[in-house]
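# Overview (structure and organization)
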Amino acid sequence: MFYLSDVPSGGHTVFQKWGLSVRPQKGAALFWFNLHRNGTEDETTEHAGCPVIRGTKWVLNKWFHELNNDFALYCVDDQTASFQYFYI
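What this report covers is the structure whose coordinates are included nearby. (Residues numbered from 1 in each chain as written. Predicted model: local features only at pLDDT ≥ 70, side-chain atom pairs only at ≥ 80, totals over all residues. Heavy atoms only, no water.)

## Some details on the overall build of the protein chain
Filter applied, for reference: We count a stretch as a helix when DSSP gives it H or I for four or more residues in a row; a strand needs E for two or more, and each element gets its number in order from the N terminus. A 1.4 Å probe rolled over the protein chains alone gives each residue an accessible area, and that area as a share of the maximum for its type sets the label: buried under 20%, exposed over 50%, partly exposed in between. Reported accessibility uses the Shrake-Rupley method at a 1.4 Å probe radius. Residues are deemed covered only where the shown protein chains occlude them.
Summing up its helical and strand segments, the protein chain has 0 helices and 9 strands in all. For the protein chain, buried positions account for 15% of its 88 residues. For the protein chain, the exposed surface amounts to about 7,400 Å²; the carbon and sulfur share of it is 55%.

## Section: a nonpolar patch on the surface
Put simply, the rule reads: Residues form patches when they are more than 30% accessible in relative terms and have no salt bridge. Like charges link within 9 Å. Nonpolar side chains (Val, Leu, Ile, Met, Phe, Trp, Tyr) link within 5 Å. Within this document, salt bridges are pairs made up of a side-chain nitrogen of Lys or Arg and a carboxyl oxygen of Asp or Glu, the two lying within 4 Å of each other.
On the surface, F2, L4, W58 and L60 cluster together into a nonpolar patch covering about 430 Å² of accessible area. Position of L60 relative to the elements: it lies in strand β7 (residues 59-60).

## Section: the side chain of D42
Threshold: Asp and Glu are treated as the negative residues and Lys and Arg as the positive ones, with His and the ends of the chain left uncounted. When checking whether two residues touch, look at their non-hydrogen atoms; a contact exists if any pair is within 4.5 Å.
Within the fold, D42 resides in the loop between β4 (20-22) and β5 (48-49). Despite being buried, D42 has no salt bridge partner; K17 is the closest side chain of opposite charge, sitting 7.8 Å away. Discounting residues that sit within four places of it in the chain, D42 has contacts with F33, N34, L35 and H36.

## Examining the nonpolar core
Note the cut-off: By nonpolar core we mean a set of buried residues, namely Ala, Val, Leu, Ile, Met, Phe, Trp, Tyr and Cys, connected to one another through side-chain atoms within 4.5 Å.
Judged by nonpolar contacts, M1, Y3, F15, V22 and L30 together constitute the single largest core of 5 residues. Ignoring any residue separated from it by four or fewer positions in sequence, one finds M1 in contact with T13, A28, A29, L30, W32, V59, L60 and N61.

## Considerations on the packing of aromatic side chains
Describing an aromatic ring pair means giving the distance of the ring centres and the angle of the ring planes. Using the following cut-off: A pair of aromatic rings is counted whenever rings of Phe, Tyr or Trp (Trp by its six-membered ring) have centres within 6.5 Å, and the orientation is called stacked for planes under 30 degrees apart, edge-to-face for over 60 and tilted otherwise.
Applying the stated criterion to the full structure yields 3 aromatic pairs. On the basis of an interplanar angle of 80° and a centroid distance of 5.0 Å, the ring pair of F15 and W32 is categorised as edge-to-face. Of this pair, F15 sits in strand β3 (residues 13-15) while W32 sits in the loop between β4 and β5, and the two are 17 residues apart along the sequence. Joined through ring pairs, the aromatic side chains of F15, W18 and W32 make up one cluster.

## Considerations on the sheet that holds β5
Cut-off, in case you're wondering: When DSSP finds at least two bridges between two strands, those strands are taken to pair.
Taken together, the 3 strands give an open sheet; going across it, the order is β4-β3-β5, and neighbouring strands pair in antiparallel fashion. Among the strands making up the open sheet, the edge pair consists of β4 and β5. With 2 bridges joining them, β3 and β5 adopt antiparallel strand pairing. Its bridge partner lying in β5, V14 is registered against A48.

Interpretation note: all reported values are geometric properties and have no functional meaning in isolation.
Here it is, written out as C-alpha cells:
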C-alpha cells in the first residue's frame, strides 16, 4: 500500500494482531505477505483503516496474486444474472 497524501489527523492503518498502527505519510509504503509459505492464509495480517479526522487520505494498492488466481474474474452480464466464473 502506497500513501499518496499526508493526513493531519487520523487515518492510520492498524494491524491489531501485530499491535501495529501506521500513520499515513506521503511517499511511504507498506508491504506484507498475507499467505504463509505453504499457501494458507495468514490471519494475523487482517488490517483496517481508521477514520480520517482531519484532511483526506489517498492510497494506492497493488496486489500480487498467487496460485494463478490472477486469471480468474467474476463477471455479471446484467442486473438479474448471478455471478459466474470466467477465465481469461
